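Working through the structure, step by step
Chain by chain, the residues run as shown.
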Amino acid sequence: GINAEYGKQWYQRRVRGVLNYYTNYYYKSNLRTMIRVGLVGILLVSIATAATNIEECTQEDVSMSGGDLRSFTTIDKSFTECFEACTRRATCGAFTYRTTDGRCYLKTSAAKTRNANRWNSVLMSCVTGTSRDETSDFVNVALLQNVTAVQSSTRSGLGAGLAIDDDTNTRYDLKSCTWTSSSKKNWIEIDLQKAYEIDHIVIYGRSDSKSSGAGTLNNVKVLIGDQICDILEDMESNPTEGKTYNCGGDTSRRVGRVVTLENWAEKISVCEIQIMVHKDLVSGDALPTPASSETTGEVIGDFYNVAYRKPVTTSSEIWSKKKEYAVDGWTIQNSDVDTCSITDDGRIEEFMSIDLGRVFQIDHIRVYGDLKRDDLSGIRVAIGDNICGRLTATESGIVDISCDKNMMAGQVVRLYNRGEHIILCEVQVMVKNGGYSCCP
């Protein structure tokens, strides 16, 4: 087995090797480069100091029971690999390593010790000189007991639980990243078991996402409950660092029990999802106030789409093209990938009706058609009992419609046709962002 002395020697060898390399390579370089070497030296001295602390803090022939965060029982691990795995997890307060077969158990700081031959144990607070839980005002509630994670499909055995295993390593080969397998709708859902007022969410993508075909996570939607919190962007840069999202600072969209990552066009592969709540708001039975019905929807530029995920009724459905697809927030104009709602034909009237939940002063309605199968020509649009107009064909398959201001207030939006299919990939009912008041 590899004991603490080996771990110390391993770190010391790394320090000597890297310092020799930088010293020889930069010997004739300018002052700025030498300053960089000095900074690297300071960093490596701190590593060497940590190595000494590891030796001093290692409890030989001692095992820790309970408090398991994760165990490595089928893969041989070195002592230093066990230590590094613990340092990557904010909630790892200790680890136990068995020298005979390389078994590694990561623990919480509450783990209890017992005498056991051929086991070595280390408390991280001894190594660092401080408790790891004292450094943040926020708690990652995704790591709390009974939190569950599920996903739409699983590839290569990489399930949703890997997104909340407290391991922020972004390397696929270390088996700490999820991966869905579907070519259509992909999602990962985390159920926190109670509603929280979430401060921010930190997401770690895969460092090899481009070369592997795993997807970059760009354009993946982050939902809290039914509210779109953010859309992921620029996930290719700095892939080993977590990106922070806070719903654009809108607190009304940061209350909920379920957090979902959702995508249509690409698979989802994510290495860690941290859901951060202020530590003063974690405990207690009082539930935060959810978003009101006036602020439930989707922010699109200067407008709010109040049709987003609202109740829909249709005259019929065919080919599993569900009515909900017309208000699911995805504007992909291709019904082959199940993003569009399609009614049957042959009836006197085919229709779709969207209940907004209350009366809104509507600015305009935007409709996305299917570019492959049909245009939008001839479909009538009504707000309540007022017929607003007909849709006309456009090259883009996108039509904006508005009518007299006195006719633009209502709770129900209805689209209908005489005996023909209605194919709608998305219907957005736009209200001026922040302007929810309406005339009696």
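The structure we're discussing is the one just above.
Before going into details, it helps to say that this report is about the structure given with it. Here the structure is a predicted model, which is why all the values come from computation and not from measurement. Residue indices follow the written sequence of each chain, beginning from 1 at its first position. Owing to the predicted nature of the model, reporting of local features is limited to residues with pLDDT of at least 70; listing and counting of side-chain atom pairs is limited to 80 or more, with chain, interface and lining totals taken over all residues. Note that the side-chain values use all heavy atoms of the structure and ignore hydrogens as well as water.

Moving on, we come to the environment of serine 402. In this structure, serine 402 sits in the loop between strand S23 (398–401) and strand S24 (409–417). Categorising residues by exposure relies on relative accessible area from a 1.4 Å probe, with only protein chains included: less than 20% of the type maximum marks a residue as buried, more than 50% marks it as exposed, and the intermediate range marks it as partly exposed. Here serine 402 falls in the partly exposed class, since its relative accessible area comes to 46%. Taking the C-alpha atoms as reference, serine 402 lies 6.5 Å from isoleucine 365; in sequence the two are 37 residues apart. We call two residues in contact whenever any of their non-hydrogen atoms come within 4.5 Å of each other. Excluding residues within four positions of it along the chain, serine 402 makes contact with Asp363, His364, Cys388 and Met408. Numbered from the N terminus, helices here are DSSP runs of H or I no shorter than four residues, and strands are runs of E no shorter than two.

By convention a nonpolar core is built from buried Ala, Val, Leu, Ile, Met, Phe, Trp, Tyr and Cys residues, the set being connected through side-chain atoms within 4.5 Å. Core analysis: the largest hydrophobic core is formed by 30 residues, its most contacted members being Ile198, Ile203 and Ile275. Within the residue set of this core, elements represented by two or more residues are strand S8 (186–197), strand S9 (200–205), strand S10 (221–224), strand S13 (255–263) and strand S14 (270–278). Not counting chain neighbours up to four residues away, the residues in contact with isoleucine 275 comprise Val139, Asn140, Val141, Ala142, Ile190, Leu192, Ile198, His200 and Val259. Tyr304, Ala307, Ile401 and Val413 belong to the second-largest nonpolar core, a separate cluster that totals 29 residues.

Turning to the state of the cysteines, a few remarks are in order. Criterion for a disulfide: a pair of cysteine sulfur atoms within 2.5 Å. Counted under the stated rule, the structure contains four disulfides. Disulfide partner of cysteine 82: cysteine 104, at an S-S distance of 2.0 Å. Judged by the sign of its S-S torsion, about 80 degrees, the cystine formed by cysteine 82 and cysteine 104 is right-handed. With a gap of 22 residues between them, cysteine 82 in helix H3 (residues 79–87) and cysteine 104 in strand S4 (residues 103–107) connect regions that are remote in the sequence. Take cysteine 82 and cysteine 104: they sit in the same class, and that class is buried. Sulfur-sulfur distance for the disulfide between cysteine 340 and cysteine 425 comes to 1.9 Å. Between cysteine 340 and cysteine 425, the S-S torsion sits near 85 degrees, and that sign places the bridge as right-handed.

One open sheet accounts for five strands, arranged S7-S8-S13-S10-S11; its pairing is antiparallel. Taken across any chain shown, the strands that pair with only one partner, and hence form the sheet edges, are strand S7 (148–151) and strand S11 (227–231). Within the sheet, the average angular offset between the axes of one strand and its neighbour, ignoring direction, is 20 degrees. DSSP bridges decide pairing: two strands pair if at least two such bridges lie between them. With four bridges connecting them, S10 and S13 associate as antiparallel partners. Across the sheet, valine 222 pairs through a bridge with leucine 261, a residue of S13. Note on geometry: axes are C-alpha line fits, over the in-contact stretch for helices, and angles between N-to-C directions span 0 to 180 degrees.

Let us look at the pairing of strand S19 (residues 350–361). Bridging between strand S17 (residues 312–314) and S19 involves three bridges; their strand directions are antiparallel. Across the sheet, the residue bridging to threonine 314 is methionine 352, located in S19. As defined by bridge partners, S19 adjoins S24 across eight bridges and the pair is classed as antiparallel. Following the sheet pairing, isoleucine 354 is matched in S24 by valine 413.

Let us now look at the sheet that holds S14. In a beta sheet, neighbouring strands are held together by backbone hydrogen bonds and run either parallel or antiparallel to one another. Read from one edge of the open sheet, four strands run S6-S14-S9-S12, paired in antiparallel fashion. Both outer strands of the open sheet, strand S6 (138–140) and strand S12 (243–245), are each paired with one neighbouring strand and no more. Recorded for the sheet is a direction-independent mean angle of 30 degrees between the axes of neighbouring strands.

Worth remembering: the numbers are spatial, not functional.
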